[in-house]
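Residue-level structural notes
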Amino acid sequence: MANEFDCIVVGAGHGGVEAANAAAKLGVKTLLLTMAKDAIAKMSCNPAIGGLGKGQMTREIDALGGLMGKAIDASGIQFRLLNRSKGPAVRSPRAQADKYKYKEFVRKVLEARENLTIIEAECSDIVVENDKVRAVKTLDGREFKTQTAIITAGTFLRGVMHIGPEQIPGGRRGEPASNALSDCLRNLGLKVERLKTGTPVRIAADSIDFSKIERQDGDEEPVAFSFMTDKIETQQVPCWITYTNDAVHKLLHDNLENSPLYSGQIMSTGPRYCPSIETKILRFPDKERHQIFLEPEDASQTTFYPNGISTSVPKDIQLKMLQLIPGTENARIVHYAYAIEYDYCPATQLKVSLESRKIEGLFMAGQVNGTSGYEEAAAQGLMAGINAVAKIKGTEPFVLGRDQAYIGVMIDDLRTKEITEPYRMFTSRAEYRLTLRADNADRRLTPLAKELGLISEQRWQRFSDKIEKIAKIETYLKNTRTMGKSLWTQLNQPENPFASNIRKDEFIASINPSQEVLESVLIDAKYQGYLAKQEAMIQKFRHLENLKLPEKLDYNKVPHLRAEAKERLTQLRPATLGQAGRIGGITPADITVIQVYISQGLAK
C-alpha cells in the first residue's frame, strides 16, 4: 500500500541520505521524509568533506558502498592530502566542495534509487505500540506504517539560532525547527539534552581584497575519495589565508556581554575542537592572532566561508570584526553568523546497532546522537540503514569494532563515553590507526560490503583486480633477491632507491599497477614490523571483544561487583566485556569479577 513502508528515514541531511540509500539498496521499501527536497544533503556549514580522521571515515563510507565519497569527487573544487609528509596512519584526504553540485549529485542518486520514495513533510510523531515502532505521523496529518524508523534530525530538534540578543527558532538559516518530533522523543521516555554549535558569516567574493592575503592551492595530483574514481579532472580553485589581530581581539573582549555564549543566553556546550572566535580569544589569551581560511563555497567562487571565526555576536560587531581583518576590510556580508542550540538524545541509550534499547525498531543517527560533522553523521546513517534492514529481515546486526574501522571507534565512543560536547572524529581517537588507514579502507571493509549486498559487481571486480595485483607484486618482491636481500626487505630500509624506482622494474611494469596499488605495496613493506605488532595487540583486544554480555544481564546479582560499576553497567548496557572496560568508572577488577561470573555460567 502507498502508506506502508519497511523503513522510514526522518531527515535528509548527510546521515539521512546514507541511511535511506543503504536501506533501499538492500531491497526494503524505504521512505525518506524531508522538510524540503531542495535541502537534501545540504552543506549548511563548511562545504568541505574529510580532514583528520574524517577523511579516513569518508573512505570507509565509500568502501561500504555509501554516497559521500562519490559525491565529493563529483563536486570537489580543491583537494588536499593532509599530513602528506607524515606517516600513512595520519594522512587524511580533504576536499572543498561546490555545495550546490554536492547536493545535486546526492539528490539525483536518491531519486533514481529503486525501492526509495522521497516525500516533503515534517515528522511530528512516532507511533509506538508495546514498545515497538508501528508508524510515523507527519504534521499535515498523514500516517505511514512502518517496521523501523531512523531519526536523523540534525540540529532541527527545538533548534534556536542566536545572533547577539536575537533568538530565532529554526533548524538552520531559513528553515523551521522540529518541535513536535522533539516532544515525541521525550514522551517516548528517551533522555533528551541540549548541545550547541555555530557557523561564521558568508562573504561576497567580489568584496574581498585577495592582494592582502596568502593563497593556498590544492594538490597538483588530487587524491580521490572514492575507490571507484579513476582521476580527479576538475579544475581546482584556491583557498586563502588571513589572520585575526589585537584589534579584533579587543573588539570581541569589549563586547563579550553581547555574545550569547557569555551573557548567559546560551547554556549548552559547544564543540571544543571548533570553538567560536570569542572562545578562542578567552582560551588562548597570549595568542596574538588566529588563522582564518577563506574557502570558496562553489566553483564560480561567488561566496566565501571564513573558516575560523564562528561567532554569535550581534550583526554590527560581526561587520566591525571583518573590517579589522586583512583582506576583508570592505567585505559584504551575504549571511550573518549564528550559534544554534538544539536537542539531542545521548547515544548511551542505544544498542551497538544504533537501535534504541527502549523502543524496538527505532534507530538514531547523526547529530541527534551528539556528534558534529557531515562525515560522522553519514557514517552513522549508513550503519543505521544497514541495521534497520537487519532488524526487518531478522538477521544479526552489522557491527564494526574499534579494530576494524573509524566508524567502529566512533560508535563505541558514543555508547561508552559521557558526551558533554559535540563529538568529532580525530585520528588520535583510534588505538589502531596504523591499521585503520585511509588507503586501505577498501581492503578492510569492501569484502564485508559484498557479503551485505551493498556494492555492485563492478566495484567488486575492481576491488578483486586490485587485491590480485597487490598479491602478485608482493610475492614477486619477497621472492626476488639482489645483493643478498629480497626486494621486499630493501623496501623496508630508509632512503632505499628501489622504492622511488619501483615502476622501472620489468616485472612490476608488466602488471601496470595503479598508484593506489603501488602505495599499498610500499606501505605494507615499509611498516610490516609495526603492522605485525599492532596485529598482536588487536588479537588481545579481540579476546575481550568476543566475550559477549547478555543484553538483560542483571548486574545487581554479580557478586563482589562494586555499586558504582553495577549502576554504570546497568545504565549503558555494554555489548561485550571489552566495551564494558572502556566505560568511565569501570576498573580492571570489575572486568575480572564479571568474567568469572560469566565463566561460571551464571549470566542469563
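Below is a summary of the structure that appears in this document. Just so you know, the residues in each chain are numbered from 1, in the order the chain's sequence is written. Thresholds applied to this predicted model are a pLDDT of at least 70 for local features of residues and 80 or more for the giving and counting of side-chain atom pairs; totals over whole chains, interfaces and linings are not thresholded and use all residues. Think of the side-chain values as coming from all heavy atoms in the structure, minus any hydrogens and water.

Convention adopted: a line fitted to C-alpha atoms gives each axis, helices being fitted over their contacting stretch, and angles between N-to-C directions are expressed from 0 to 180 degrees. Helix and strand definitions here come from DSSP, where helices need a minimum of 4 consecutive H or I residues and strands a minimum of 2 consecutive E residues; each element is numbered from the N-terminal end. At a minimum axis distance of 11 Å, the contact between helix 12 (residues 441-452) and helix 13 (residues 457-479) shows a crossing angle of 140°. Regarding the angle of helix 12 to helix 13, the classification is oblique. In the crossing of helix 12 with helix 13, the sense of the turn from one axis to the other is left-handed. Of helix 13, the residues touching helix 12 (which contributes Asp-442, Arg-443, Thr-446, Pro-447 and Lys-450) are Glu-457, Trp-460, Phe-463, Lys-466, Ile-467 and Ile-470. Put simply, Ala, Val, Leu, Ile, Met, Phe, Trp, Tyr, Cys and Pro go in the nonpolar bin, Asp, Glu, Lys and Arg in the charged bin, and everything else, Gly too, in the polar bin. Partitioning the contact of helix 12 with helix 13 into residue classes produces five nonpolar, one polar and five charged. Each angle is binned into one of four classes, with values under 35 degrees roughly parallel, values over 145 roughly antiparallel, values of 65 to 115 roughly perpendicular, and all other values oblique. Crossing handedness: left-handed means the near helix sits turned counterclockwise from the far one by under a right angle, and right-handed means the same turn made clockwise. Here, two residues are considered to be in contact whenever any of their heavy atoms come within 4.5 Å of each other.

Here the focus is the packing of aromatic side chains. Any Phe, Tyr or Trp ring, taking Trp's six-membered ring, that has another such ring centre within 6.5 Å forms a pair; planes under 30 degrees apart are called stacked, those over 60 apart edge-to-face, and the others tilted. Counted according to the given criterion, the structure contains seven aromatic pairs. Here Tyr-527 and Tyr-530 contribute two aromatic rings whose centre-to-centre distance is 6.3 Å and whose plane-to-plane angle is 50°, an arrangement assigned as tilted. It is Arg-59 that lies over the ring of Phe-227; its NZ or CZ is 5.2 Å from the centre. The residue whose ring lies beneath Arg-429 is Tyr-423, and the NZ or CZ to ring-centre distance is 4.2 Å. As a reminder, the over-ring test applies to NZ of lysine and CZ of arginine, requiring each to be within 6 Å of the ring centre and within 35 degrees of the ring normal.

The subject of this paragraph is the side chain of Arg-94. Tracing the chain through its elements places Arg-94 in strand 5 (residues 92-97). Residues contacting Arg-94, with those up to four places away along its chain left out, are Asn-46, Ala-48, Ile-49, Gly-50, Gly-51, Gln-78, Phe-79, Arg-80, Leu-82, Phe-225, Glu-295 and Asn-307.

The pairing criterion is simple: DSSP has to find at least two bridges between the two strands. Sheet architecture is open: four strands sit in the order 12-11-20-13, paired in antiparallel fashion. With partners counted over all chains shown, the strands left at the sheet margins are strand 12 (166-169) and strand 13 (193-199), one partner each. Neighbour-to-neighbour, the strand axes of this sheet turn through a mean angle of 25°, independent of strand direction. Strand direction decides the pairing type here: strand 13 and strand 20 (residues 338-344), joined by seven bridges, are antiparallel. Paired with Gly-198 across the strands is Ala-339, a residue of strand 20.

Okay, the pattern of salt bridges next. When their charged atoms lie close together, side chains carrying opposite charge are able to pair. Salt bridges are counted wherever a side-chain nitrogen of Lys or Arg sits within 4 Å of a carboxyl oxygen of Asp or Glu. Under the criterion given, the structure shown has 44 salt bridges. Here Asp-62 makes a salt bridge to Arg-459, at a shortest N to O gap of 3.1 Å. Taken together, the residues Asp-62 in helix 2 (residues 54-63) and Arg-459 in helix 13 connect sequence positions 397 residues apart. A single burial state applies to Asp-62 and to Arg-459, both of which are buried. Lys-417 is paired through a salt bridge with Asp-413; the nearest N and O atoms lie 3.3 Å apart. We call a residue buried when its accessible area falls under 20% of the maximum for its residue type, exposed when it is over 50%, and partly exposed in between, using a 1.4 Å probe and counting protein chains only. When its relative accessible area of 2% is taken as the criterion, Asp-413 is described as buried.

Now for the environment of Pro-550. Among the structural elements, Pro-550 can be located in the loop between helix 18 (528-545) and helix 19 (563-572). For Pro-550, a relative accessible area of 25% corresponds to the partly exposed category. Between the alpha carbons of Pro-550 and Thr-576 there is a distance of 8.5 Å; along the sequence they are 26 residues apart.

Through backbone hydrogen bonds, the strands of a sheet pair up, either in parallel or in antiparallel fashion. Taken together, the five strands give an open sheet; going across it, the order is 6-2-1-10-21, and neighbouring strands pair in parallel fashion. Strand pairing shows two members of the sheet lacking a second neighbour, strand 6 (116-120) and strand 21 (362-364), which therefore form its edges. Within the sheet, the average angular offset between the axes of one strand and its neighbour, ignoring direction, is 20°. Both strand 10 (residues 148-151) and strand 21 contribute to a ladder of three bridges, which runs parallel. Within the sheet, the bridge partner assigned to Ile-150 lies in strand 21 and is Phe-363.

Below, the discussion takes up unusual backbone geometry. Residues other than glycine seldom take positive phi values, yet Arg-158 does so here, at roughly 50°. Positive phi values are uncommon outside glycine, yet Met-483 reaches one of about 55°. One can find Met-483 in the loop between strand 22 (481-482) and strand 23 (485-486).

What follows deals with the pairing of strand 18 (residues 303-307). With respect to burial, strand 18 is a largely interior element, four of its five residues being buried. Bridge analysis of strand 14 (residues 202-204) against strand 18 gives two bridges, and the strand direction is antiparallel. Across the sheet, residue Ile-203 finds its bridge partner in strand 18, namely Phe-304. Direction of pairing for strand 17 (residues 291-296) relative to strand 18: antiparallel, over a ladder of four bridges. Within strand 18, the position partnered with Glu-295 by the bridge is Tyr-305. Counted along the chain from strand 17 to the antiparallel partner strand 18, the turn is six residues long, and its residue Gln-301 has a positive phi close to 55°.

The interhelical angle for the contact between helix 10 (residues 374-393) and helix 11 (residues 406-416), taken along N-to-C directions, is 90°, at an axis separation of 10 Å. Our classification of the angle between helix 10 and helix 11 gives roughly perpendicular. Here Glu-376, Ala-379, Gln-380 and Met-383 of helix 10 come into contact with helix 11, specifically with Ile-407, Met-410, Ile-411 and Leu-414. Taken together, the residues of the contact of helix 10 with helix 11 break down into six nonpolar, one polar and one charged.

Our next topic: the side chain of Asp-412. Here Asp-412 lies in helix 11. A polar side-chain atom of Asp-412 sits 2.7 Å from a polar atom in the side chain of Arg-402. Contacts described as polar in this section are N or O atom pairs within 3.5 Å, which, within protein, must combine one atom able to donate a hydrogen with one able to accept it, while residues neighboring in sequence count only if both atoms come from side chains. One polar contact links Asp-412 to Arg-582, side chain to side chain, over a distance of 2.6 Å. Ignoring any residue separated from it by four or fewer positions in sequence, one finds Asp-412 in contact with Arg-402, Gln-579 and Arg-582.

Attention now goes to the nonpolar core. Residues belong to one nonpolar core when they are buried, are Ala, Val, Leu, Ile, Met, Phe, Trp, Tyr or Cys, and are joined through side-chain atoms within 4.5 Å. One finds Tyr-102, Val-106, Leu-110, Ile-126, Ile-151, Met-364 and Ile-407 to be the most contacted residues of the largest nonpolar core, which totals 100 residues. The residues contacting Val-106, other than those within four sequence positions of it, are Val-17, Ile-40, Ala-41, Leu-67 and Ala-71.

Moving on: the environment of Ser-178. Relative to the helices and strands, Ser-178 is located in the loop between strand 12 and helix 5 (179-187). Of the residues examined, Ser-178 reaches a relative accessible area of 5% and is grouped as buried. Considered as a pair, Ser-178 and Phe-156 are 22 residues apart in the sequence and their alpha carbons are 5.3 Å apart. Residues in contact with Ser-178, not counting those within four places in the same chain, are Met-35, Glu-122, Cys-123, Phe-156, Leu-157 and Arg-158.

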